[in-house]
Amino acid sequence: MVDVSRVQQLVGSLSEELIEIRRDLHAHPELGRTEQRTTRVVADRLRAAGLRPRMLPGTGLTCDIGPNPVGTGRRWIALRADLDALPVPETTGLDFASTVPNVAHACGHDVHTVAVLGAGLVLAALHDAGELDTGVRLVFQPAEEVQPGGALDVIAAGGLDGVGRIFAVHCDPKVDVGQIGSRIGPITSASDEVTVLLTGPGGHTSRPHLTADVVYALGQVITQVPAVLGRRLDPRAGVNLTWGAVQAGQAHNAIPATGSVRGTLRCLEVRAWERASQVFHDAVEQVVAPYGVQVEIRHQRGVPPVENDERAVAVLEAAARDVLGEESVQLTEQSLGGEDFAWYLTKVPGAMARLGTRTPGGRSYDIHQGNLVIDERAVPAGAGLLARVALLAGRP
């Protein structure tokens with residue numbers, strides 16, 4: 001086993017470069033499935049290290065490092081990063097802020113990308129020195145923010161073929177840099193997009209009895225359907241239906257012919273997620289039935305919960321204690337946010353950790369906000385953590 005000090009020395013030698021690459025990616029964010037430049041930057045640096053990245057269809061890539069485990073009874077250890085940014089304007093005022101209008105790395109994917117890249121460069125150096133006996137696959141995927149997620153593209157392209165376990169980190173601006181948040185079992189939520197479209201003949205507000213009142217029916221959907229879900233599904237599953245957009249009508253004295261409401265349906269437990277779709281459909285139809293409107297339900301399945309494997313979590317925590325210190329691991333709460341890393345875990349065991357990005361004693365931010373600022377010491381911390389994870393997970 002490679003000594004942890006060797007990993008730390010290699011990460012230290014790369015730290016300045018990794019931060020510069022992160023700043024470059026941060027200044028040039030790209031939305032899901034358009035990450036051509038980001039893919040090229042990563043691929044070029046891997047090639048410069050003597051590696052041979054394999055381009056995925058569209059955008060993204062995989063890259064194998066170390067001995068091929070095929071035929072040895074062992075399997076690849078995968079490290080995953082997501083490349084895409086969000087359609088959010090950046091408001092940080094940083095010198096390397098986004099140069100793309102209304103697009104920003106407001107979820108930390110630039111940090112994820114460079115952490116996996118850095119881990120790969122460390123592992124490549126160990127391989128060149130004859131010190132790596134573990135086959136590692138780097139996965140740089142597109143479109144994590146686009147449901148149902150670019151992870152499915154990677155799987156369809158064979159990116160998980162021969163993989164035994166997979167690991168990832170996700171930035172957490174509420175955890176101090178140098179620490180990770182860890183949890184066995186579900187760490188994120190299932191997340192679906194739902195739309196209810198109601199139609200009727202329209203009419204005058206003085207004669208609602210002669211038409212179908214789309215607006216009133218929408219109000220019943222908004223207030224009653226979440227309550228029905230709370231009584232039809234196990235409350236321990238954390239089912240949450242929250243509406244985000246309502247559209248109906250233009251005039252105060254006209255009942256419109258159409259109206260819609262859109263929102264997210266989230267579940268903390270995968271079995272409830274599998275049932276929730278039918279319960280949701282039934283509830284909507286039953287709620288609007290008395291009002292004579294026509295209903296169309298659109299349910300875009302998103303992602304299941306990320307369910308961390310117990311043994312994989314143990315590897316992550318051991319790696320963190322080795323690289324970041326004995327007190328670096330804290331229990332994290334389960335989030336209602338969705339994360340398409342979950343799709344990989346439906347195929348192979350693995351785990352995701354929350355990577356601390358808050359300056360100790362400093363301000364707490366939130367992800368998906370244009371003012372997100374990350375303590376850049378998280379970049380080498382993530383790289384060292386993931387390199388150590390690969391070494392520990394690959395032990396026979």
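Residues numbered from 1 in each chain as written. Predicted model: local features only at pLDDT ≥ 70, side-chain atom pairs only at ≥ 80, totals over all residues. Heavy atoms only, no water.

### Side note on the UniProt feature "domain: Peptidase M20 dimerisation" (unreviewed entry) in the protein
(1) Moving on: If you check UniProt for "domain: Peptidase M20 dimerisation" (unreviewed entry), the listed places come out as residues 198-289 in our numbering.
(2) Moving on: Overall, residues 198-289 shows 41% helix and 27% strand. The separation of its end C-alpha atoms is 11 Å. (UniProt positions renumbered as here; feature names shortened; annotations may be inferred. Helix = DSSP H or I, 4+ residues; strand = E, 2+ residues; numbered from the N terminus.)

### Concerning the sheet that holds strand E1 (residues 54-55)
(1) Moving on: Overall, mixed pairing links the eight strands, which are arranged E1-E2-E4-E3-E5-E16-E6-E15 in an open sheet. A strand with exactly one partner marks an edge of an open sheet, and here the two such strands are E1 and strand E15 (329-331).
(2) Moving on: Summarising the sheet, strand E6 (residues 180-182) and strand E16 (residues 350-358) pair through two bridges and their orientation is antiparallel. When the bridges of E16 are listed, Gly 181 appears paired with Arg 354.
(3) Moving on: Running over the sheet, helix H2 (residues 36-48) touches E1, strand E2 (61-65) and strand E4 (136-141) and is turned about 15° from E2. (Pairing = 2+ DSSP bridges. Contact = heavy atoms within 4.5 Å. Axes fitted to C-alpha atoms, helices over the stretch in contact; angles between N-to-C directions.)

### Details of the UniProt feature "binding site: Mn(2+)" (unreviewed entry) in the protein
(1) Moving on: Per the UniProt entry, the sites bearing "binding site: Mn(2+)" (unreviewed entry) are Cys 107, His 109, Glu 145, His 170 and His 368 in this numbering. A maximum C-alpha distance of 13.0 Å places the annotated residues, which cover 262 residues in sequence, within one compact spot.
(2) Moving on: Mapped onto the fold, Cys 107 is located in the loop between strand E3 (76-82) and helix H3 (109-128).
(3) Moving on: Other than its neighbours up to four places away in sequence, Cys 107 contacts Leu 86, His 112, Glu 145, His 170, Cys 171, Ile 367, His 368 and Leu 372.
(4) Moving on: Here His 109 lies in helix H3.
(5) Moving on: With a relative accessible area of 1%, His 109 lands in the buried category.
(6) Moving on: In this structure, His 109 is in contact with Asp 82, Leu 83, Asp 84, Glu 144 and Glu 145, ignoring residues within four places of it in sequence.
(7) Moving on: Separated by 2.7 Å, the side chain of His 109 and the backbone oxygen of Asp 84 make a polar contact. (Buried < 20%, exposed > 50% of the residue type's maximum accessible area, 1.4 Å probe, protein only. Polar contact = N/O pair within 3.5 Å; in protein donor to acceptor, adjacent residues only side chain to side chain.)

### Quick word on unusual backbone geometry
(1) Moving on: Residue Pro 148 follows Gln 147 across a cis peptide bond; omega there is 0°.
(2) Moving on: Its place among the elements puts Pro 148 in the loop between E4 and helix H4 (151-156).
(3) Moving on: A positive phi is found at Asn 102, a non-glycine position, where the angle reads about 65°.
(4) Moving on: In this structure, Asn 102 sits in the loop between E3 and H3.
(5) Moving on: Phi at His 368 is positive, roughly 65°, even though this residue is not glycine.
(6) Moving on: Along the polypeptide, His 368 turns up in the loop between E16 and helix H9 (378-393).
(7) Moving on: Judged by relative accessible area, His 368 falls into the partly exposed class, the value being 35%.

### Focus: the side chain of Thr 62
(1) Moving on: By the element assignment, Thr 62 lies in strand E2.
(2) Moving on: What makes Thr 62 buried here is its relative accessible area of 3%.
(3) Moving on: With residues near it in sequence (within four places) discarded, Thr 62 still touches Pro 53, Arg 54, Leu 56, Arg 137, Leu 138, Val 139 and Gly 159.

### Brief notes about the domain arrangement of the protein
Accessible area lost when the parts come together is the quantity often used to give the size of an interface.
(1) Moving on: The domains assigned to the protein are domain 1 (4-188 + 305-394) and domain 2 (190-300).
(2) Moving on: Taking only C-alpha atoms, the centre of domain 1 and the centre of domain 2 are 38 Å apart.
(3) Moving on: Contacts between the two partners involve 12 residues from domain 1 and, on the opposite side, 12 residues from domain 2.
(4) Moving on: When domain 1 packs against domain 2, the two sides together hide about 880 Å² of surface, and 56% of this comes from carbon and sulfur.
(5) Moving on: Three residues, Gln 147, Pro 305 and Leu 336, lead the burial of domain 1 against domain 2; their summed loss comes to 61% of the area buried on that side.
(6) Moving on: For the pair domain 1 and domain 2, the interface holds zero salt bridges.
(7) Moving on: Our enumeration of links across domain 1 and domain 2 arrives at three residue pairs in polar contact (both at pLDDT 80 or more).
(8) Moving on: A per-class count over the side of domain 1 that touches domain 2 returns five nonpolar, six polar and one charged. (Domains from an automatic or database assignment. Buried area = accessible area lost by both parts, 1.4 Å probe. Salt bridge = Lys/Arg side-chain N within 4 Å of Asp/Glu carboxyl O. Nonpolar A, V, L, I, M, F, W, Y, C, P; charged D, E, K, R; others polar.)

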